[in-house]
Amino acid sequence: MMGALLARIRSLSFNTRSAFLCLPAVALTLGYGVLTDDVLTGSILTSGALSVGFGSVHVFTRWRSAPMMLAAVGMSLSAFVGSSVGNHEIAFLVTSGLWAAACAMFTTIELGAWWIILQWSIALLVAGSYPADLSGAAARAGLVLAGGLLQIACVQIGWRLGGGAPSQVAHHSLRRVRKSLRLALHGKLPTLRHAIRAAVSVILASGLVHWLGLANGYWAPMTALIVLKPQLRATRTRGLERLVGTAAGGGLASLISLTAPSTALHVALALGAAWLSFGLQRSQYVIFTIAITATVVFLLGLDHVPEVVTAWHRLAATVLGGGIAIAIAFFTNPKIWRALWAAPGAVAPQGRDG
């Protein structure tokens with residue numbers, strides 16, 4: 001067993017360059033919040049820098065910074081919308097469903113576009129938990145954009161100093177998107193059905209979170225959106241990996257935080273976890289989930305939220321969101337219903353003359 005574990009660790013893919021290029025922006029935004037004693041502002045700036053940094057390894061069109069720029073602008077607009085409608089439950093549920101449907105449409109079309117719209121959806125769901133008037137929503141949107149733009153600037157400077165952006169083959173994202181959308185309109189891709197499933201999953205998760213009054217409940221619809229895949233098996237696998245990664249990352253971060261009474265050490269732990277997250281994002285999903293969960297737990301710990309409480313909230317929301325995604329994937333799988341009808345003793349549907 002130990003040999004298998006060591007073999008898995010050795011097989012991990014770690015992008016050292018991406019990890020180091022994306023870390024300075026997170027350090028700057030996090031440092032600003034700590035030094036000015038304005039943790040809320042710093043955390044919003046950091047969320048923009050952290051999310052946009054993951055786009056440094058994605059590709060969409062020939063412009064290498066396109067994923068990061070589109071993510072930053074879209075996250076800012078989504079944060080404004082989410083914060084504006086956060087106090088209106090029906091409006092928020094409808095809006096989150098629309099964003100989720102748009103994200104899910106691109107799951108089978110184009111990975112880069114899917115990742116970009118996923119960041120928009122996450123920004124909307126998070127901002128919905130912090131409702132504000134128009135000026136407050138605009139302030140949040142501005143901070144998200146500022147953190148994202150800072151990240152883009154840091155990454156581009158790193159690329160220039162390091163000999164240029166990572167090489168890529170000729171990329172035809174827009175052409176592929178147009179072709180895939182035409183196929184979807186003619187029913188040759190399961191795009192529409194998957195979009196509806198994603199919208200229902202996110203709306204259901206958001207509604208249950210509101211009804212149950214879960215703290216940090218936006219993790220439930222986020223999990224539902226990320227876990228849900230067009231195939232049932234892929235949904236089950238991703239759901240289990242996210243659950244295991246969340247439990248391990250939250251538990252590990254909580255234990256480590258017990259030995260980190262000082263703010264400086266908390267910052268160092270958050271930056272270390274963020275560094276691992278940037279480097280491991282193309283590795284095994286369960287390992288990446290451990291790193292990103294630990295990052296979130298350490299960041300919220302800077303806002304004097306006990307790490308154990310944060311880890312528990314994230315785990316509970318992950319179970320809820322993942323369970324909803326798996327249930328939706330199961331009950332909307334045509335193979336399941338065909339198997340039920342074909343089971344011994346099942347009553348076959350009657351025709352017109354029956």
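Below is a short write-up of the structure.

1. Side note on the packing of helix H2 (residues 16-35) against helix H12 (residues 263-280)
Moving on, step 1. One way to put it is that H2 packs onto H12 with a least axis distance of 9 Å and a crossing angle of 150°. As summarised for this structure, H2 and H12 are arranged roughly antiparallel, according to the angle between their axes. H2 and H12 meet at a crossing whose hand is right-handed. On H12, the residues touching Ser 18, Ala 19, Phe 20, Cys 22, Leu 23, Val 26, Ala 27, Leu 30 and Val 34 of H2 are Thr 263, Val 267, Ala 270, Leu 271, Ala 274, Trp 275, Phe 278 and Gly 279.
Moving on, step 2. For the contact of H2 with H12, the class distribution of residues is 14 nonpolar, three polar and no charged.

2. Thoughts on helix H11 (residues 232-257)
Moving on, step 1. Across its 26 residues, H11 extends 37 Å between first and last C-alpha, which sits within 8% of the 38 Å expected from 1.5 Å per residue.
Moving on, step 2. Within the sequence span of H11, burial applies to Leu 232, Thr 235, Gly 239, Arg 242, Gly 245, Thr 246, Gly 249, Gly 250, Ala 253, Ser 254 and Ser 257.

3. Points about the packing of aromatic side chains
Moving on, step 1. Evaluated as defined, the whole model comprises six aromatic pairs.
Moving on, step 2. Considering the side-chain rings of Phe 14 and Trp 275, the 4.9 Å spacing of their centres and the 55° angle between planes classify their relative orientation as tilted. Remark: Trp 275 occurs in helix H12 and Phe 14 occurs in the loop between helix H1 (2-10) and H2; sequence separation between them is 261 residues.
Moving on, step 3. Among the residues examined, Phe 14 registers a relative accessible area of 29% and is labelled partly exposed.

4. Details of the environment of Ala 325
Moving on, step 1. Along the polypeptide, Ala 325 turns up in helix H14 (residues 307-331).
Moving on, step 2. On the basis of relative accessible area, Ala 325 is assigned to the buried category, the value being 0%.
Moving on, step 3. Setting aside chain neighbours within four positions, we find Ala 325 in contact with Ser 201, Ala 224, Val 227, Leu 228 and Thr 235.

5. Focus on unusual backbone geometry
Moving on, step 1. With phi around 55°, Asp 37 is a residue other than glycine that occupies positive phi space.
Moving on, step 2. Take Asp 37: it is sitting in the loop between H2 and helix H3 (39-53).
Moving on, step 3. For Asn 216, which is not glycine, the phi torsion reads 55° and is therefore positive.
Moving on, step 4. As for its placement among the helices and strands, Asn 216 is situated in the loop between helix H9 (191-212) and helix H10 (219-227).

6. Some points on the packing of H2 against H3
Moving on, step 1. Running from N to C, H2 and H3 cross one another at 170°; their axes reach a closest spacing of 7 Å. One finds that H2 runs roughly antiparallel with respect to H3. For the pair H2 and H3, the contacting residues are Cys 22, Ala 25, Val 26, Thr 29, Leu 30, Tyr 32 and Gly 33 in the first and Val 39, Thr 41, Gly 42, Leu 45, Thr 46, Ala 49, Leu 50 and Gly 53 in the second.
Moving on, step 2. Residues that form the contact of H2 with H3 fall into these classes: nine nonpolar, six polar and no charged.

7. Concerning a nonpolar patch on the surface
Moving on, step 1. A surface patch of nonpolar side chains, about 330 Å² in accessible area, is lined by Leu 240, Leu 243, Val 244 and Val 319.
Moving on, step 2. Looking at the nonpolar patch element by element, the count peaks at three residues for H11.
Moving on, step 3. Topologically, Val 319 is positioned in helix H14.
Moving on, step 4. With relative accessibility at 47%, the residue Val 319 sits in the partly exposed group.

What counts, and where the lines are drawn
- Residues numbered from 1 in each chain as written.
- Predicted model: local features only at pLDDT ≥ 70, side-chain atom pairs only at ≥ 80, totals over all residues.
- Heavy atoms only, no water.
- Axes fitted to C-alpha atoms, helices over the stretch in contact; angles between N-to-C directions.
- Helix = DSSP H or I, 4+ residues; strand = E, 2+ residues; numbered from the N terminus.
- Parallel < 35°, antiparallel > 145°, perpendicular 65-115°, else oblique.
- Left-handed = near helix turned anticlockwise from the far one by under 90°.
- Contact = heavy atoms within 4.5 Å.
- Nonpolar A, V, L, I, M, F, W, Y, C, P; charged D, E, K, R; others polar.
- Expected span 1.5 Å × (residues − 1).
- Buried < 20%, exposed > 50% of the residue type's maximum accessible area, 1.4 Å probe, protein only.
- Phe/Tyr/Trp six-rings, centres within 6.5 Å; stacked < 30°, edge-to-face > 60°.
- Patch = residues over 30% accessible without salt bridge, like charges linked within 9 Å, V, L, I, M, F, W, Y side chains within 5 Å.
- Areas by Shrake-Rupley, 256 points an atom, 1.4 Å probe, with all protein chains shown as cover.
- Salt bridge = Lys/Arg side-chain N within 4 Å of Asp/Glu carboxyl O.

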